[in-house]
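Chain by chain, the residues:
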Amino acid sequence: QVQLVESGGGLVQAGGSLRLFCAASERLFGDYTMGWFRYAPGMEREFVAAIKWSMSSHADSVKGRFIISRDGAKNTAYLQMNSLKPEDTATYYCAATALAGFDNRHTYRSSYNYWGQGTQVTVSS
């Protein structure tokens, strides 16, 4: 069974940075898309970013601040978060899918079938 393990969350002041990572099986860095989603009370389940091969996309709310990347040698995907805001407070989950192509379908939670357990990010004002 495919397993994903996130880490790197924590408490940070507004304007600070955190780097999240998600360990995955090597095959997920082939044709699989890796995505990041976040959940918090009072907000919708929100797509954050996704990456497949050399292609990546980021939600408008995080463009210019967050960068998704991956390191095949370490079988790990990353989410570098800079200029953090209190509105970024949420539990962040990594997810993987074998969805063909790379289009707006990768922004939907229902497109993903493998999920990690989440890592908490809290941004204070």
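This text follows the structure it describes.
Note that the coordinates shown come from a computational prediction; the quantities given were computed from them, not determined experimentally.

**Some points on unusual backbone geometry**
If a residue is not glycine, its phi is most likely negative; likewise, a peptide bond is most likely trans. Residue W53 is not a glycine yet carries a positive backbone phi of 55 degrees. Following the sequence through the fold, W53 ends up in the loop between β5 (46-52) and β6 (55-58).

**A closer look at the state of the cysteines**
All told, the structure shown has one disulfide when counted by the stated rule. Covalently, C22 is tied to C94 through a disulfide, its sulfur atoms 2.1 Å apart. Looking along the S-S bond of the C22-C94 disulfide, the torsion reads about 55 degrees, which is the right-handed sense. Remark: C94 occurs in strand β9 (residues 90-97) and C22 occurs in strand β3 (residues 18-23); sequence separation between them is 72 residues. Here C22 matches C94 in class, with each residue buried.

**With respect to the packing of aromatic side chains**
Per the stated rule, a full pass over the model turns up six aromatic pairs. On the numbers, 5.3 Å between centres and 55 degrees between planes, the contact of F37 with W115 is tilted. Here F37 is found in strand β4 (residues 33-39), whereas its partner W115 is found in strand β10 (residues 114-115), with 78 residues between them in sequence. A residue is classified by how much of its surface remains accessible, and F37, at 2% relative accessible area, is buried. With a relative accessible area of 23%, W115 lands in the partly exposed category. Among the aromatic residues, ring-to-ring pairing joins F37, F47, Y112 and W115 into one connected group. Residue placement shows R19 over the ring face of Y78; its charged tip is 4.1 Å from the ring centre. Over the face of the ring belonging to W115 we find R109, whose NZ or CZ atom lies 4.7 Å from the ring centre.

**Details of the side chain of T33**
Mapped onto the fold, T33 is located in strand β4. On the basis of relative accessible area, T33 is assigned to the buried category, the value being 1%.

**A closer look at the environment of R70**
With respect to the helices, strands and loops of the structure, R70 is situated in strand β7 (residues 66-71). Along the backbone, R70 and R38 are 32 residues apart, and their C-alpha atoms lie at a distance of 19 Å. Among the polar contacts made by the side chain of R70, one reaches the main-chain carbonyl oxygen of W53 at a distance of 3.4 Å.

**Concerning the nonpolar core**
In globular proteins that are soluble, nonpolar side chains generally tend to be buried together. One finds M34, W36, L79, M81 and Y92 to be the most contacted residues of the largest nonpolar core, which totals 33 residues. For this core, the secondary structure elements donating two or more residues are β3, β4, β5, β7, β8 (76-81), β9 and β11 (119-124). Look past the residues within four positions of M81 in its chain and what remains in contact with it is G16, S17, L18, L20, R65, F66, Y92 and V121.

Parameters at a glance
- Residues numbered from 1 in each chain as written.
- Predicted model: local features only at pLDDT ≥ 70, side-chain atom pairs only at ≥ 80, totals over all residues.
- Heavy atoms only, no water.
- Helix = DSSP H or I, 4+ residues; strand = E, 2+ residues; numbered from the N terminus.
- Disulfide = S-S within 2.5 Å.
- Buried < 20%, exposed > 50% of the residue type's maximum accessible area, 1.4 Å probe, protein only.
- Phe/Tyr/Trp six-rings, centres within 6.5 Å; stacked < 30°, edge-to-face > 60°.
- Lys NZ or Arg CZ within 6 Å of the ring centre and 35° of its normal.
- Polar contact = N/O pair within 3.5 Å; in protein donor to acceptor, adjacent residues only side chain to side chain.
- Core = buried A, V, L, I, M, F, W, Y, C linked by side-chain atoms within 4.5 Å.
- Contact = heavy atoms within 4.5 Å.

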